[in-house]
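Summary of the model geometry
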Amino acid sequence: TSVGGFIYATLQNELIELFGLEGCLLIIGALALNLMVCAGPMRPINLPGYYLKQRAALQRTEEPEAIYTKPTAIIIDSDLKTAPVSADNAATIKLLIIKEPIELQEHEVEQKGGIFSCSIVARAIKKIMRPYGQYLCETVELLQDRVFMAFCIAMFLFSLGAFPPVLFMEDVAQSEGLIDGIALIPLVSIVAMTTGIGKLILGVLADMRWVNSLYLYALTLIGTGTALLLIPVSKSYLGLQVLSAVVGFFSGNWSLTSYITTKIVGIERLSQAHGILMCFGGFGITLGPPVVGKKMHSYDLAFYFSGTCVFVSGLFLFLATLPCWNRMSEEENSPVEEDVNTSQQPTLDCDKVASVA
């Protein structure tokens, strides 16, 4: 994606000069249609049989066994009691004994109201809606997690402020008279190139044991916000290139989202949690350009707004994931005990950190 972004920005300018705006859009649209070709061979993964059996066995062990089962009422005619036990009578009794309560209930319902009765329709609707209700409950549980909710809010603020300035960087340079025409390597290309480098380096750092991935992500947000706030102050094209490189490098934190989400919620709930996270990011990307384009009457205000959003997102994520919140919740849940040595142990106070920030 970074290589494509680097080539695209330069290629677009050349296409506009050669074929005009309409020809450029036709060529770009033709390139985008190749996504359909790439998506054509994609099919659902056919899981092997041993995996399906293992998953089914795990589900059976997780489901609690019923403590009490309602016995089935068996009504035997008086003729069967008095008559000698024959082969037909034995078969009838056996059939009544092995019949499940659900089958008997369904048989009674069919006799009373037919197969299209209200109870059958209600049972079918309940069966269809059960997975959706379970998914909704799991989503609520995820949103109740403090760290994951802080991560979602940080993702929303980052998406709200980080993407619109990339579109305006070249316009800022031209409006300030820092460059004549279009540069050979636009600032957008610099952002795309350094984003690729940032993805690799930040990914390596996240794999190190002594690095906290959440704090690393918060640091990248704070760095991106600081760089965006400094862009209106820069009065040289070289300064804009350096700040664009910084924004691009820290924007490589997208490579950490799946890794951090897995550490928060676990691998089993990764797909659901990642979808919720991308939903927050999607709202930010959708609202960002209209807010910046309509409400901000100058480039400086746009960059100040975007930089503030991204900086606040990093600061909020850092404060929300401090370990002192876990200590405070444990103290509330556990009985109060006085310990003489606790005053000698170094602790991290949330109020002090928040006041300094």
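No experiment lies behind these values; they were computed from the predicted model shown.

1. Side note on the pattern of salt bridges
Inspection of every chain in the model, using the stated rule, returns one salt bridge. Residue Arg269 pairs with Glu141 through a salt bridge whose shortest N-O separation is 3.6 Å. Taken as a pair, Arg269 in the loop between α12 (257-265) and α13 (270-295) and Glu141 in helix α6 (residues 118-143) lie far apart in primary sequence, 128 residues in all.

2. Examining the packing of helix α10 (residues 213-230) against α12
Between α10 and α12, the shortest axis-to-axis distance is 10 Å and the interhelical angle comes to 140 degrees. Judged by the inter-axis angle, α10 sits oblique to α12. Handedness of the α10/α12 crossing: left-handed. Across from Ser213, Leu214 and Tyr217 in α10, the residues of α12 making contact are Thr257, Tyr259, Ile260, Lys263 and Ile264. In the contact of α10 with α12, the residues fall into five nonpolar, two polar and one charged.

3. Observations concerning the confidence of the model for the protein chain
Residue-level pLDDT values for the protein chain average 74, and 70% of them are 70 or greater. Looking across the protein chain, the model is least confident in helix α3 (residues 78-82), with a mean pLDDT of 45, and most confident in α10, with 90. Contacts from residues 92-104, a stretch scored under 50 in pLDDT, to residues over four places away or in other chains number eight contacts. The low-confidence segment residues 335-357, where pLDDT is below 50, has 15 contacts with residues more than four positions distant or belonging to other chains.

4. Brief notes about the environment of Phe156
Turning to its location among the elements, Phe156 is positioned in helix α7 (residues 146-162). In this structure, the C-alpha to C-alpha distance between Phe156 and Gly288, residues 132 residues apart in sequence, is 9.9 Å. When neighbours within four sequence positions are excluded, Phe156 is seen to be in contact with Phe280, Phe283, Gly284 and Leu287.

5. Thoughts on the nonpolar core
Membership of the largest hydrophobic core comes to 41 residues, with the highest contact counts inside it found for Phe148, Met169, Tyr217, Ile231, Leu256 and Leu317. Counting only elements with at least two residues in this core, the list comes to α7, α8 (164-175), α9 (187-207), α10, α11 (237-250), α12, α13 and α14 (299-320). Per-element tally for this core: the top contributor is α7, with nine residues. With near-sequence residues (within four places) excluded, Ile231 lies in contact with Met169, Leu240, Leu243 and Phe303.

6. Notes on α6
In an α-helix there are 3.6 residues to a turn, and that puts residues three or four apart on one side. Along its 26 residues, α6 runs 36 Å from first to last C-alpha, staying within 8% of the 38 Å computed at 1.5 Å per residue. By the largest-angle criterion, Met129 marks the main kink of α6, which is about 35 degrees, and a proline, Pro131, follows within four residues.

7. Let's talk about the packing of helix α1 (residues 2-39) against α9
In the contact formed by α1 and α9, the axes pass within 8 Å of each other and the chain directions differ by 170 degrees. Between α1 and α9, the angle is such that the two are roughly antiparallel. Counting all contacts with α1, which are made through Ser2, Gly5, Phe6, Ala9 and Thr10, the residues of α9 involved are Val188, Ser189, Ala192, Met193, Thr195, Gly196 and Lys199. Among the residues making up the contact of α1 with α9, the classes are represented as five nonpolar, six polar and one charged.

8. Digging into the side chain of Ser306
With respect to the helices and strands, Ser306 occurs in helix α14. Contact partners of Ser306, with chain neighbours within four places excluded, come to Gly161, Pro165, Leu228 and Val292.

9. Comments concerning the environment of Thr261
Examined against the element boundaries, Thr261 turns out to sit in helix α12. Using a relative accessible area of 0% as the deciding quantity, one classes Thr261 as buried. A sequence separation of 12 residues divides Thr261 from Ala273, and the C-alpha atoms of the two residues are 7.0 Å apart. Apart from the residues within four sequence positions on either side, Thr261 is in contact with Phe148, Phe151, Gly266, Leu270, Ala273, His274 and Leu277.

10. Re the packing of aromatic side chains
Counted under the stated rule, the structure contains four aromatic pairs. Aromatic pair Tyr215 and Phe318: ring centres 5.4 Å apart, planes at 55 degrees, arrangement tilted. One end of the pair, Tyr215, is in helix α10; the other, Phe318, is in helix α14, with 103 residues separating them in the sequence. We classify Tyr215 as partly exposed; its relative accessible area is 27%. Classification of Phe318 as partly exposed rests on a relative accessible area of 29%. Both rings, one in Phe249 and one in Phe250, keep their centres 5.6 Å apart while their planes meet at 70 degrees; by these two values the pair is edge-to-face. Assessed through its relative accessible area of 24%, Phe249 is described here as partly exposed.

11. Looking at α11
Compared with an ideal rise of 1.5 Å per residue, which puts 14 residues at 20 Å, α11 spans 20 Å between its outermost C-alpha atoms and is within 8% of the ideal. Along α11, the residues classified as buried are Tyr237, Gly239, Leu240, Leu243, Ser244, Val247, Gly248 and Phe250.

Procedures and definitions
- Residues numbered from 1 in each chain as written.
- Predicted model: local features only at pLDDT ≥ 70, side-chain atom pairs only at ≥ 80, totals over all residues.
- Heavy atoms only, no water.
- Salt bridge = Lys/Arg side-chain N within 4 Å of Asp/Glu carboxyl O.
- Helix = DSSP H or I, 4+ residues; strand = E, 2+ residues; numbered from the N terminus.
- Axes fitted to C-alpha atoms, helices over the stretch in contact; angles between N-to-C directions.
- Parallel < 35°, antiparallel > 145°, perpendicular 65-115°, else oblique.
- Left-handed = near helix turned anticlockwise from the far one by under 90°.
- Contact = heavy atoms within 4.5 Å.
- Nonpolar A, V, L, I, M, F, W, Y, C, P; charged D, E, K, R; others polar.
- pLDDT = per-residue confidence, 0-100.
- Core = buried A, V, L, I, M, F, W, Y, C linked by side-chain atoms within 4.5 Å.
- Buried < 20%, exposed > 50% of the residue type's maximum accessible area, 1.4 Å probe, protein only.
- Expected span 1.5 Å × (residues − 1).
- Bend = angle between axes of the 7 residues up to and from the residue.
- Phe/Tyr/Trp six-rings, centres within 6.5 Å; stacked < 30°, edge-to-face > 60°.

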